[in-house]
Every structure is written in structure tokens, then in C-alpha cells.
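Structural description and commentary
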Amino acid sequence: MIQNYKIITLCGSTRFKKQFLEAQKRLTLEGYIVISVGLFGHSGDDDVWKPGVKEMLDDMHFRKIDLADEIYVINVDGYIGESTKREIAYAEETGKKVNYLYTE
């Protein structure tokens, strides 16, 4: 935690760009420092699919989780893909609180 602001990292499928942006805005207004994804590969950011980029971004996202006090999973209609499952497991292993957009 920095000062009185908790740091939260958003996790979830990048197909949910609209929900990522809505959550980022809402959580920021609630007083969180929000860390999000840098690119939305499943929403048109084709640079993600260049050689080595997806792997770098996946690793970078784990470092973003390291910086956070907790994570917030964007799980529209309960959808949680394989990458997000790994991020949740990593967050739990490192003692981070895990919150969900939709309750499981």
C-alpha cells in the first residue's frame, strides 16, 4: 500500500475491454491505484500476436500482480480463461486478496 491507497491489478480476458475500462474508472474513483493490461489482444491490439510479445506481456502481468495489494478479476458471465486462472493462482500463492467482478 502506498500512503492510504491500495494498489489493485486488473486481470481477465482482454476480450472484455469495455469492462476493464469501466472497472478502472470505478476503482480509481473509489481510491485505488489501478494497474491494468497494456494491450487488448482479443479486442484488436494485433501487436500482441507478434513473436515473443504475448509471452513478455504475460510475464509482465505477473510483475504487476507483485506490485499490487490485491487483484480484481474481470470475469464477465463467469468466464475465466487459462491465463487468468494462472494469474489468480499466482496471486493466491503470493498472499494477494482476489476479488471478482461477478461472484463465482
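The rules we used
Residues numbered from 1 in each chain as written. Predicted model: local features only at pLDDT ≥ 70, side-chain atom pairs only at ≥ 80, totals over all residues. Heavy atoms only, no water. 1 Å grid on protein atoms, 1.4 Å probe; cavity = no way out; pocket = protein on both sides within 12 Å on 5 of 7 lines; lining within 4 Å. Points joined across faces, edges and corners; volume = space filled by probe spheres on them. Helix = DSSP H or I, 4+ residues; strand = E, 2+ residues; numbered from the N terminus. Phe/Tyr/Trp six-rings, centres within 6.5 Å; stacked < 30°, edge-to-face > 60°. Buried < 20%, exposed > 50% of the residue type's maximum accessible area, 1.4 Å probe, protein only. Lys NZ or Arg CZ within 6 Å of the ring centre and 35° of its normal. Nonpolar A, V, L, I, M, F, W, Y, C, P; charged D, E, K, R; others polar. Pairing = 2+ DSSP bridges. Right-handed = clockwise from strand over helix to strand, strands pointing away. Core = buried A, V, L, I, M, F, W, Y, C linked by side-chain atoms within 4.5 Å. Contact = heavy atoms within 4.5 Å.

So, empty space enclosed by the protein
Space left empty within the atom packing is revealed by a probe, the size of a water molecule, rolled over the atoms. On inspection of all chains with the given rule, the structure shows one cavity of 30 Å³ or more. Each pocket or cavity is described by its volume, and for the largest cavity that value is around 30 Å³. As for the largest cavity, its lining consists of Asp58, Phe62, Ser83, Arg86 and Glu87. Elements with a contribution of two residues or more to the lining of the largest cavity: helix 2 (53–67) and helix 3 (82–93). Per element, the largest residue contribution to the lining of the largest cavity is three residues, and it comes from helix 3.

A word on the packing of aromatic side chains
Aromatic ring pairs: the centre-centre distance and the angle between the two ring planes describe each pair. For the coordinates displayed, the defined rule picks out three aromatic pairs. With centroids separated by 5.5 Å and ring planes inclined at 80°, the aromatic side chains of phenylalanine 20 and phenylalanine 40 adopt a geometry described as edge-to-face. Highlighted residues: phenylalanine 20 in helix 1 (residues 17–29) and phenylalanine 40 in the loop between strand 2 (33–35) and helix 2, separated in sequence by 20 residues. Owing to a relative accessible area of 0%, phenylalanine 20 belongs among the buried residues under this scheme. With a centroid separation of 4.9 Å and 75° between ring planes, the pair formed by phenylalanine 62 and tyrosine 90 is classed as edge-to-face. With phenylalanine 62 in helix 2 and tyrosine 90 in helix 3, the pair connects residues that are 28 residues apart, well separated along the chain. Here the basic side chain of arginine 15 rests over the ring of tyrosine 79, its NZ or CZ set 4.5 Å away from the ring centre.

Points about the layout of surface pockets
Space inside the largest pocket adds up to approximately 420 Å³. Taken together, 25 residues make up the lining of the largest pocket; nearest its centre are Gly12, Thr14, Lys54, Asp58 and Ser83. Elements with a minimum of two residues in the lining of the largest pocket: strand 1 (7–12), helix 2 and helix 3. Take the lining of the largest pocket: its biggest share by element is six residues, from helix 2. In terms of residue class, the lining of the largest pocket is made up of nine nonpolar, 10 polar and six charged.

Quick notes on the pairing of strand 4 (residues 97–100)
As defined by bridge partners, strand 3 (residues 70–74) adjoins strand 4 across four bridges and the pair is classed as parallel. Residue pairing for strand 4: glutamate 70 is matched across the bridge by lysine 97. Taken together, strand 3, helix 3 and strand 4 constitute a β-α-β crossover, and its handedness is right-handed.

Concerning the nonpolar core
With 12 residues, the main nonpolar core is built from Ile8, Leu10, Phe16, Phe20, Ala23, Leu27, Val34, Val37, Phe40, Tyr72, Ile74 and Val76. When residues of this core are traced back to their parent elements, those giving at least two are strand 1, helix 1 and strand 3. Of the residues forming this core, the biggest block, three residues, is contributed by helix 1. Non-local contacts of leucine 10, meaning those with residues more than four positions away in its chain, are made with Phe20, Ala23, Gln24, Leu27, Val34, Ile35, Ser36, His61 and Tyr72.

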